[in-house]
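Read off the chains here:
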Amino acid sequence: MIVTVGNTKGGVGKTTVALNIAIARALAGRDVWLIDGDRQGTAQMAISIRGDRVPGIACSTYPDGQVLRGQLQQQAKKYEDIVIDAGGRDSTALRAALTLTDVLVVPFQPRSFDVWALAQIASLVDEAREVGGNLRAFAMLNCADPGETSTDNAEAAEAVADYPQVALLPTPLRRRKAYANAAGQGLSVLEFKPADPKARDELTALVDMLFNLN
Ligand SMILES: Nc1ncnc2c1ncn2[C@@H]1O[C@H](COP(=O)(O)OP(=O)(O)OP(=O)(O)O)[C@@H](O)[C@H]1O
Ligand SMILES: [Mg+2]
């Protein structure tokens, strides 16, 4: 399955989410290819910091949309799961990725600016669907408030309901140091020590949901 993690908004957690999904699938025994579609090369950097840790994650950087599309078409069959960190802004990489992607995951934080950015993503989803293909698009809350009493999820659900192009995944990742600390070492929260059981459970729920869509 090809999963693109994308949002035109910067700093919403795209790289963190893409890295965690890719490693989680590799830990589950899948042959994974992580594509960094961002000129910043953060995902690629994280994988190089990961070094020779097992499981190894194949990672390539293609910030140019045409190159990304060509490489995906040529190499997709070699891998069981492909995760694309499409980078910020309305990039050619993001548009190219959307034309070949099965599932788009749009991380957003429960803040106004992030909610406004959903409008842009919704129109990119429209465009990709016009070109053909069967793109499924989901918004997911990242950096949600850790408090159990937080109203973030309810408010996010309301905000996402304004955009029929995307559905809200019921599996948020909350704001936890483990995500940032693990990613800084090229690790997923499933591998990071000391373990944060809540982060592990959140990531497991997200990945189970994404790869078992009906
Ligand atoms: N769930 C989380 N809990 C705590 N920190 C997080 C979480 N998700 C992301 N972060 C932190 O937020 C910052 C932005 O995350 P990240 O770099 O993944 O976003 P991005 O969308 O890829 O940004 P860019 O648009 O620059 O590519 C990083 O410092 C990251 O460690
Ligand atoms: Mg990034």
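About the cut-offs
Chains are numbered independently. Their residues run from 1 in the order of the written sequence. Think of it this way: whatever chain is written first is A, whatever ligand is written first is 1, and the rest follow in order. Per-residue local features of the predicted model are confined to residues with pLDDT of at least 70, and side-chain atom pairs are confined, for both listing and counting, to 80 or more; whole-chain, interface and lining totals are unaffected and use all residues. Neither water nor hydrogens contribute to the side-chain values; these are computed over all heavy atoms in the structure. Relative accessibility decides the category of a residue: with a 1.4 Å probe and only protein chains considered, values under 20% of the type maximum give buried, values over 50% give exposed, and everything between is partly exposed. Per the convention used, a helix needs a DSSP run of H or I reaching at least four residues, while a strand needs a run of E reaching at least two, with both numbered from the N terminus. The rule for pairing is simple: two strands pair if DSSP sees at least two bridges between them. We define a salt bridge as a side-chain nitrogen of Lys or Arg found within 4 Å of a carboxyl oxygen belonging to Asp or Glu. Residues are classed as near a molecule or strand on a simple rule: at least one heavy atom within 4 Å of it. Any pair of nitrogen or oxygen atoms within 3.5 Å is treated as a polar contact; in protein, a donor-acceptor pairing is required on top of that, and neighbouring residues in sequence qualify only through side-chain atoms on both sides. With residues, only the protein chains shown are counted as cover, and all accessible areas are computed by Shrake-Rupley using a 1.4 Å probe. Three categories are distinguished: nonpolar for Ala, Val, Leu, Ile, Met, Phe, Trp, Tyr, Cys and Pro, charged for Asp, Glu, Lys and Arg, and polar for the others, with Gly belonging to the last. It only takes one pair of heavy atoms within 4.5 Å for two residues to be counted as in contact.

1. Let's talk about the pairing of strand S2 (residues 32–36)
Moving on, step 1. The buried fraction of S2 is high, at five of five residues.
Moving on, step 2. Of the two faces of S2, the one lined by Val32, Leu34 and Asp36 and the one lined by Trp33 and Ile35 are each fully buried.
Moving on, step 3. In terms of strand pairing, S2 meets strand S4 (residues 81–85) through five bridges, oriented parallel. The residue of S4 that forms the bridge with Val32 is Asp81.
Moving on, step 4. Where S2 meets strand S3 (residues 58–61), four bridges bridge the pair, whose relative direction is parallel.

2. Examining the pattern of salt bridges
Moving on, step 1. For the structure shown, the criterion picks out eleven salt bridges.
Moving on, step 2. A salt bridge links Glu191 to Arg50; its shortest N-O distance comes to 2.8 Å. Note that Glu191 is positioned in the loop between helix H7 (177–184) and helix H8 (197–210) and Arg50 in helix H2 (residues 42–50), a separation of 141 residues in sequence.
Moving on, step 3. For Glu191, a relative accessible area of 6% corresponds to the buried category.
Moving on, step 4. By relative accessible area, Arg50 is classed as buried at 6%.
Moving on, step 5. Put simply, Asp145 and Arg111 hold a salt bridge, and the shortest N to O gap is 3.6 Å. Remark: Arg111 occurs in the loop between strand S5 (103–108) and helix H5 (112–131) and Asp145 occurs in the loop between strand S6 (136–141) and helix H6 (152–161); sequence separation between them is 34 residues.
Moving on, step 6. If you follow the salt bridges from partner to partner, you end up with Arg25, Arg30, Glu80 and Asp81 in one network.

3. Focus on the site of ligand 1
Moving on, step 1. In the neighbourhood of ligand 1, 16 residues make up the surrounding shell, with Gly11, Lys14, Thr15, Thr16 and Asn142 lying closest.
Moving on, step 2. Here Val12 contributes a backbone N or O atom positioned 3.0 Å from an oxygen atom of ligand 1.
Moving on, step 3. Here an oxygen atom of ligand 1 sits 3.0 Å away from a polar atom, N or O, in the main chain of Gly13.
Moving on, step 4. Relative to its free-state accessible area of 630 Å², ligand 1 is covered by the protein chains to the extent of 74%.
Moving on, step 5. Elements with a minimum of two residues in the shell around ligand 1: helix H1 (14–27) and H7.
Moving on, step 6. With three residues, H1 is the largest single contributor of residues to the shell around ligand 1.
Moving on, step 7. In terms of residue class, the shell around ligand 1 is made up of four nonpolar, seven polar and five charged.

4. Quick word on the environment of Leu187
Moving on, step 1. The residue Leu187 is located in the loop between H7 and H8 in this model.
Moving on, step 2. Judged by relative accessible area, which is 7%, Leu187 ranks as buried.
Moving on, step 3. As for Leu187 and Leu72, which are separated by 115 residues in sequence, their C-alpha atoms are 24 Å apart.
Moving on, step 4. Beyond its immediate sequence surroundings of up to four residues, Leu187 is in contact with Leu19, Ile23, Arg50, Arg53, Ala182 and Phe192.

5. Quick notes on the pairing of S4
Moving on, step 1. In terms of residue burial, S4 counts as a mostly covered element, since five of its five residues are buried.
Moving on, step 2. Residues Asp81, Val83 and Asp85 of S4 are buried on one face, and the alternating residues Ile82 and Ile84, pointing to the opposite face, are buried as well.
Moving on, step 3. When strand S1 (residues 2–5) meets S4, the two strands line up parallel, connected through four bridges. The partner of Ile2 across the bridge, within S4, is Ile82.

Honestly, that's just the spatial picture; any functional story needs more than this.
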